[in-house]
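The residues making up each chain are set out below.
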Amino acid sequence: MAKDTTTARRTVTYVDGAWHDGNPKVLGPRSHAVWLGSAVFDGARAIQGRAPDLDRHCARVVNSARLMGLEPMLTGTEIEDLARDGIGRFTGDAELYICPMFYPEDGFIVPDPASTHFILTVHESPLPEPSGISACLSSFRRPARDMAPTEAKAACLYPNVARCLREAQAKGFETAVVLDPNGNVAEFAYANLFMVKDGVVATPAPNGTFLN
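Just so it is clear, the model here is predicted, and its values are computed rather than measured. (Residues numbered from 1 in each chain as written. Predicted model: local features only at pLDDT ≥ 70, side-chain atom pairs only at ≥ 80, totals over all residues. Heavy atoms only, no water.)

Trainee: So what about the state of the cysteines? Which residues, and what values?
Mentor: By definition, a disulfide links the sulfur atoms of two cysteines through a covalent bond. What the rule picks out here adds up to zero disulfides. Note on C156: no disulfide assigned, nearest cysteine sulfur contributed by C164 at a separation of 15 Å. Judged by its relative accessible area of 2%, C164 is buried. (Disulfide = S-S within 2.5 Å. Buried < 20%, exposed > 50% of the residue type's maximum accessible area, 1.4 Å probe, protein only.)

The structure is reproduced here in C-alpha cells:
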C-alpha cells in the first residue's frame, strides 16, 4: 500500500462560501477543533465523475456533527450539491476523494454549537492497484460506545487508528485487523472488512463501536 501523499496532489477547498485551490489555513491554535479534537468528517469517492454513495456520506457527516454537539448549517443534500460542483472542477477521468468536515471554533471542553464551521475538500486520490494487502491482528481495539464517540466519524478517534497502523507497519504488514471491545472482528485499521465465502458476503455485525 503506497504512502499517502495527498497534500502534494491537486486539491480544491470550499470554505466561507467560496472555492480555493490547495489547502488554505483556516484553523488557529485556539480553535476548539485543534485544541480539543472536536472535528468530524466523512470521505466519499468519485471515479470518472461517478460517486454512487456520495449522498450517504454527506448525510452521515451531518449526523456525526450532531452527535458531537455541533450545529451543522447545511443539509446532506446541500453538501452533496457542493461536492458535485467540486468534482466538476477536475477532469472527467479523475479519481477523487471528497471530504466534508464540520468543526467548532469556540468552547471550553464542550464545543460551542454556534461556532460551527463547514469545510469541503476534493482532492486527487488514485485508487491503489488491486494486488492485495498484508494484515496482522492489532493488539489495540476499537473503543466501546460508552468510552468514545464511536458512532460519529470523529477526528479524535483517529489517533487510535494510527497506533494500530503504526504497530502493523513496524511488524512488516500494511494494515491491521482490529477487534471490538468484546474480541469480535470490527474492521481493518482504517477500512471496512468483509468476507466472501461460498458466494455469500459477510460483514461484522454493527454494534456501535465502528461505523456501520
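Trainee: Residue-level account of the packing of helix α2 (residues 54–67) against helix α3 (residues 76–87), with values.
Mentor: Their axes nearest at 8 Å, the elements α2 and α3 cross at an angle of 125°. Between α2 and α3, the crossing angle belongs to the class labelled oblique. The element α2 and its partner α3 pack so that their crossing is right-handed. Between α2 and α3, the residues in contact are L54, D55, C58, A59, V61 and V62 and G76, I79, E80, A83, R84 and I87, respectively. Residues of the contact of α2 with α3, tallied by class, amount to eight nonpolar, one polar and three charged. (Axes fitted to C-alpha atoms, helices over the stretch in contact; angles between N-to-C directions. Helix = DSSP H or I, 4+ residues; strand = E, 2+ residues; numbered from the N terminus. Parallel < 35°, antiparallel > 145°, perpendicular 65-115°, else oblique. Left-handed = near helix turned anticlockwise from the far one by under 90°. Contact = heavy atoms within 4.5 Å. Nonpolar A, V, L, I, M, F, W, Y, C, P; charged D, E, K, R; others polar.)

Trainee: Account for the pairing of strand β2 (residues 18–21), naming residues and giving values.
Mentor: Two elements, strand β1 (residues 11–15) and β2, share four bridges in a ladder whose sense is antiparallel. Within β2, the residue paired with Y14 across the bridge is W19. Between the antiparallel neighbours β1 and β2 lie two residues, among them D16 with a positive phi of about 55°. (Pairing = 2+ DSSP bridges.)

Trainee: Which residues make up the sheet that holds strand β11 (residues 185–188), and what values go with them?
Mentor: If you walk across this open sheet you meet the three strands as β9-β10-β11, and the pairing is mixed. On the outer flanks of this sheet lie β9 (135–141) and β11, each paired with one strand and no other. Ignoring strand direction, the axes of neighbouring strands in this sheet form an average angle of 35°. Alignment of strand β10 (residues 175–179) against β11, held across three bridges, turns out to be antiparallel. Its bridge partner being in β11, L179 is matched across the sheet by V185. Contacting β9 and β10, helix α4 (residues 158–170) runs over the sheet at an angle of about 140° to β9.

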